[in-house]
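# Examining the three-dimensional arrangement
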Amino acid sequence: GTGFAFFAFIGFDAVSTLAQDAKNPKRDMPIGIFGSLGVSAVIYVIVAVVLTGIVSYKSLGVSDPLAMAINSFGPEFMWLRYVLKIAILVGLTSVILVMTMAQSRIFYTIAHDGLLPKAFGKIHQKFRTPFITTIFVTILGVLVCGLFPMSIIAPFVSIGTLLVFGVVSFNLIVMRYKHPKIKRPFKVPLFPLLPIIAVLTAVGQMFLMPLTVWIQLFVWLFIG
């Protein structure tokens, strides 16, 4: 279950891709990542506790567990469903905005490294943002969401996120030993214990994913 829902945590690392937009990255990046992660994790736990207190957890294995819980209140609370839908739309819109900003800046940086066409590295003269990569990511996201069901996208994104987090954690160990004198504004505490735990946790959850999800991952890596 944790592996399948891991895609919910992909947005927090997106904060790091906005380092070039921050006034003081050394201070702002850790605050943004740990602050958003902490607040969201607490809210996740609270919502889960409330939901399982309203209805049995056996009834929540649906695509809309919040709506399911509200329906159990009876017709007098039907108005709450509309409030919930508005909240969901606002939440999803903010997630889409953050992920579009993050991915567009990743492509922008890759283009400057010469691994993507130079057009991806262009900056809008007025807004000072990578507008071509933003348009590209938006169109690509619309096509993927429109052509594939969530039952395929969710586990695929989760195993991809686990792979990325595992690779980053492993590279942290490699970089610390290969480049010990490089300037590090932020250093992961309890090194190398925390990175090793992160690698084992990510890889362990990946091996619990179904074979079909692994096939999707290998096909995507081959295309990439």
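Heads up: these notes are all about the structure in this document. (Residues numbered from 1 in each chain as written. Predicted model: local features only at pLDDT ≥ 70, side-chain atom pairs only at ≥ 80, totals over all residues. Heavy atoms only, no water.)

## Focus on the pattern of salt bridges
To be explicit about the condition: We count a salt bridge whenever a side-chain nitrogen from Lys or Arg sits within 4 Å of a carboxyl oxygen from Asp or Glu. In this scheme, a residue with accessible area under 20% of its type's maximum is buried, one over 50% is exposed, and one in between is partly exposed, where area comes from a 1.4 Å probe on protein chains only.
Scanning all chains against the criterion turns up 1 salt bridge. Across the pair Asp28 and Arg27 runs a salt bridge whose closest N-O atoms are separated by 2.9 Å. The exposure class assigned to Asp28 is partly exposed, which follows from its relative accessible area of 21%.

## A few points about the packing of aromatic side chains
Heads up, the condition is: Classification of ring pairs rests on two measures: the distance between centres of Phe, Tyr or Trp rings, Trp counted by its six-membered ring, which must be within 6.5 Å, and the angle between planes, read as stacked under 30 degrees, edge-to-face over 60 and tilted in between. The helix count covers DSSP runs of H or I at least four residues long, the strand count covers runs of E at least two residues long, and both are numbered beginning at the N terminus.
For the coordinates displayed, the defined rule picks out 8 aromatic pairs. Taken together, a centroid distance of 5.4 Å and an interplanar angle of 55° make the contact between Phe73 and Phe77 tilted. A relative accessible area of 33% means that Phe73 is categorised as partly exposed. With 5.7 Å between their ring centres and 50° between their planes, Tyr177 and Phe191 make a pair best called tilted. Residue Tyr177 is located in helix H5 (residues 150–178), and its partner Phe191 is located in the loop between H5 and helix H6 (193–207); the two are separated by 14 residues in the primary sequence. Taking relative accessible area as the criterion, Tyr177 reaches 57% and is therefore assigned exposed. These aromatic residues form a ring-pair network of at least three members: Phe107, Phe120 and Phe136.

## Focus: a nonpolar patch on the surface
The condition is simple: Each patch is built from residues lacking any salt bridge and having more than 30% relative accessible area; the joining distance is 9 Å for like charges and 5 Å for nonpolar side chains (Val, Leu, Ile, Met, Phe, Trp, Tyr). Method for areas: the Shrake-Rupley scheme with a 1.4 Å probe, in which residue coverage is limited to the protein chains shown.
Taken together, the side chains of Ile135, Phe136, Ile139, Leu140, Leu143, Val144, Leu147, Phe148 and Ile152 make up a nonpolar region of the molecular surface, amounting to roughly 810 Å² of accessible area. A per-element tally of the nonpolar patch places helix H4 (residues 131–147) first, with 7 residues. Turning to its location among the elements, Phe136 is positioned in helix H4.

## As for the side chain of Ser169
Going by this rule: Between N or O atoms, a polar contact is any pair within 3.5 Å; within protein, one atom must be a potential hydrogen donor and the other a potential acceptor, and residues adjacent in sequence are included only when both atoms are from side chains. Whether two residues are in contact is decided by their heavy atoms: any pair within 4.5 Å suffices.
Take Ser169: it is sitting in helix H5. By relative accessible area, which is 13% here, Ser169 ends up buried. Of note is the side chain of Ser169, whose polar atom sits 2.8 Å from the backbone oxygen of Phe165. Discounting residues that sit within four places of it in the chain, Ser169 has contacts with Pro195, Ala198 and Val199.

## Considerations on the side chain of Ser104
Following the sequence through the fold, Ser104 ends up in helix H3 (residues 79–112). A polar side-chain atom of Ser104 sits 3.0 Å from the main-chain carbonyl oxygen of Thr100. Those residues in contact with Ser104, other than ones at most four positions away along the chain, are Pro130, Thr133, Thr134 and Val137.

## Describing the packing of H5 against helix H7 (residues 211–223)
Just so we agree on the cut-off: Only the stretch in contact is used when fitting a helix axis, every axis being a line fitted to C-alpha atoms; angles between N-to-C directions are given from 0 to 180 degrees. Should an angle lie under 35 degrees it is considered roughly parallel, over 145 roughly antiparallel, and from 65 to 115 roughly perpendicular; all remaining angles are considered oblique. Take the far helix as the reference: if the near one is turned anticlockwise from it by less than a right angle, the crossing is left-handed, and if turned clockwise, right-handed. Charged residues are taken to be Asp, Glu, Lys and Arg, nonpolar residues to be Ala, Val, Leu, Ile, Met, Phe, Trp, Tyr, Cys and Pro, and polar residues to be all remaining types, Gly included.
The interhelical angle for the contact between H5 and H7, taken along N-to-C directions, is 65°, at an axis separation of 9 Å. Taken as axis vectors, H5 and H7 run roughly perpendicular relative to one another. Here H5 runs over H7; the crossing is right-handed. Taken together, the residues of H7 that come into contact with H5 (itself represented by Ile152, Pro155, Phe156, Ile159, Gly160 and Leu163) are Val213, Trp214, Gln216, Leu217, Trp220 and Leu221. Classifying every residue of the contact of H5 with H7 by side-chain character gives 10 nonpolar, 2 polar and no charged.

## Side note on the nonpolar core
Defined as follows: What is meant by a nonpolar core is a set of buried Ala, Val, Leu, Ile, Met, Phe, Trp, Tyr and Cys residues, joined one to another through side-chain atoms within 4.5 Å.
Phe6, Ile159, Leu162, Ala202, Met206, Met209, Val213, Trp214 and Leu217 together form the largest nonpolar core, which totals 9 residues. Contributing elements (two or more residues each) for this core: H5, H6 and H7. With 3 residues, H7 is the largest single contributor of residues to this core.

## So, H7
Here is the rule we go by: One less than the number of residues in a helix, times 1.5 Å, gives the span that helix is expected to have. Directions from the helix axis toward the C-beta atoms define the arc.
With 13 residues, H7 extends 19 Å between its outermost C-alpha atoms, agreeing within 8% with the 18 Å of an ideal straight helix rising 1.5 Å per residue. Of the positions making up H7, those classed as buried are Val213, Trp214 and Leu217. Projected onto a plane normal to the axis of H7, the buried residues spread over an arc of 100° and lie on a single side. Among the exposed residues of H7, those oriented more than 90 degrees off its buried face are Leu211, Thr212, Phe218, Phe222 and Ile223. In this structure, the buried side of H7 is in contact with H5 and H6.

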